[in-house]
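So the chains spell out like this:
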Amino acid sequence: MTTTRISEQIIDDINEGKENAFSALYDCYYSYLCAYATTYVFDPDEAKEIVNDVFMNIWSSRGQLSFPIHNYLLRSVQNRCLNAFQEEFCKNDNNPLQLLEIEELKSQVNTVIDSLSVKCRLVFEKYLYEGMSPQEIADEQAISVNTVRVHIKNAMDHIKLQLGPTAGILFLFLYGRL
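Fair warning: this is a prediction, and the values are worked out from it, not measured in the lab.

Visitor: I would appreciate a short explanation of the nonpolar core in the present structure.
Guide: Across soluble globular proteins, nonpolar side chains have a tendency to be buried as a group. Within the largest apolar cluster, 29 residues are counted, with the highest numbers of intra-cluster contacts made by L25 and F55. Of all the secondary-structure elements, those providing two or more residues to this core are α1 (8-15), α2 (19-41), α3 (44-60) and α4 (70-91). If one sorts the elements of this core by residue count, α2 sits on top with 11 residues. Those residues within four positions of F55 in sequence are excluded, and the remaining contacts are F22, L25, Y26, Y29, Y30 and L33. One finds L116, C120, A138 and I159 within the second-largest nonpolar core, a separate group that totals 18 residues.

Take a look at the structure:
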């Protein structure tokens, strides 16, 4: 994927309703976003549906887009994947055993988080439990945003190492953020 073709002018053109600019964005990001969504939902057809929904939303909300759009697209796909998990969870009849399993998963996650270094755990808990952005954490802790992001990445890597590669899905499901 090359995002160099997606300039501020393309975003401005989409905001003005120019279909060729929207097509350029779609062509540039569609496959990448489908692959990204598949890491959450594991079903290529569902991933395609999620990505198409994101693009439909972009077109319907044209006039409000801002540049750069890369992170917005990733977050939109991630949020749609989370919504898919929540919908699936709500469809299932949650019995006490399922609720116990969820609590056990939370306990495992908390145990792994407790094993992080003090600074890494502090940053990650503020991000995960308090919902603070990396910028807010950086400002509060008087560290750089990049340092915050490194702590979050290191925490996620440690959690994935301890709980397996599906740890990201656990976080989306249990906490609504990654």
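Moving on from the model shown.
Visitor: Hey, could you run me through the side chain of Q78 in this one?
Guide: Along the chain, Q78 turns up in helix α4. For Q78, a relative accessible area of 6% translates into the label buried. Polar contacts involving the side chain of Q78 include one to the side chain of R75, which spans 2.6 Å.

Visitor: Mind showing me how you'd approach the confidence of the model for the protein here?
Guide: A low pLDDT score tells you not to read the predicted coordinates there in detail. Across the protein, pLDDT averages 80, with 80% of residues at or above 70. Helix α9 (residues 167-175) is the least confidently modelled element of the protein, averaging 59 in pLDDT, while helix α7 (residues 134-141) averages 92, the highest of any element.

Visitor: In this structure, what is going on with the environment of N15? I would like to understand it.
Guide: Relative to the helices and strands, N15 resides in helix α1. When the C-alpha positions of N15 and S60 are compared, they lie 9.9 Å apart, and in sequence the two are 45 residues distant. When sequence neighbours within four positions are dropped, the list of residues in contact with N15 reads R62, G63, Q64 and L65.

Visitor: What am I meant to see in α7 here?
Guide: Structural remark: α-helix, 3.6 residues per turn; residues separated by three or four positions point the same way. Looking at α7, one finds that the buried residues are P134, I137 and A138. Looking straight down α7, one finds its buried side chains confined to an arc of 100°; they lie on one side. Those residues of α7 hidden inside the fold are in contact with α6 (118-128) and α8 (145-163). Immediately beyond the C-terminal end of α7, within one or two residues, lies A142, with a positive phi of roughly 55°.

Visitor: I would appreciate a short explanation of the packing of α7 against α8 in the present structure.
Guide: Pairs of packed helices are described in terms of their axes, by the angle between the two and the distance that separates them. Here α7 crosses α8 at 115°, and the two axes come no closer than 8 Å. Judged on the interaxial angle alone, α8 and α7 are roughly perpendicular. Handedness of the α7/α8 crossing: right-handed. Within the contact between the two elements, α7 uses P134, Q135, I137 and A138 and α8 uses V145, V148, R149 and I152. Of the residues that constitute the contact of α7 with α8, the class distribution is six nonpolar, one polar and one charged.

Visitor: Help me out: how do you make sense of the environment of S115 in this one?
Guide: Inspection of the secondary structure puts S115 in the loop between α5 (96-114) and α6. Spatially, the C-alpha atom of S115 lies 9.2 Å from that of H158, the residues being 43 residues apart in sequence.

Visitor: What exactly am I supposed to notice about the packing of aromatic side chains here?
Guide: Aromatic ring pairs are described here by two measures, namely the spacing of the ring centres and the angle between the planes. Per the counting criterion, the structure on display carries six aromatic pairs. Taking 6.0 Å as the distance between ring centres and 85° as the angle between the ring planes, the aromatic pair formed by F22 and F55 counts as edge-to-face. One end of the pair, F22, is in helix α2; the other, F55, is in helix α3, with 33 residues separating them in the sequence. For F55, a relative accessible area of 1% corresponds to the buried category. Ring pairs connect the aromatic residues F22, Y26, Y30, F55 and W59, which therefore count as one cluster.

Visitor: Would you explain unusual backbone geometry in this entry?
Guide: One can expect most non-glycine residues to show negative phi and most peptide bonds to be in trans. Although it is not a glycine, A142 sits at a positive phi angle of roughly 55°. Take A142: it is sitting in the loop between α7 and α8.

About the thresholds
- Residues numbered from 1 in each chain as written.
- Predicted model: local features only at pLDDT ≥ 70, side-chain atom pairs only at ≥ 80, totals over all residues.
- Heavy atoms only, no water.
- Core = buried A, V, L, I, M, F, W, Y, C linked by side-chain atoms within 4.5 Å.
- Buried < 20%, exposed > 50% of the residue type's maximum accessible area, 1.4 Å probe, protein only.
- Helix = DSSP H or I, 4+ residues; strand = E, 2+ residues; numbered from the N terminus.
- Contact = heavy atoms within 4.5 Å.
- Polar contact = N/O pair within 3.5 Å; in protein donor to acceptor, adjacent residues only side chain to side chain.
- pLDDT = per-residue confidence, 0-100.
- Arc of directions from axis to C-beta.
- Axes fitted to C-alpha atoms, helices over the stretch in contact; angles between N-to-C directions.
- Parallel < 35°, antiparallel > 145°, perpendicular 65-115°, else oblique.
- Left-handed = near helix turned anticlockwise from the far one by under 90°.
- Nonpolar A, V, L, I, M, F, W, Y, C, P; charged D, E, K, R; others polar.
- Phe/Tyr/Trp six-rings, centres within 6.5 Å; stacked < 30°, edge-to-face > 60°.

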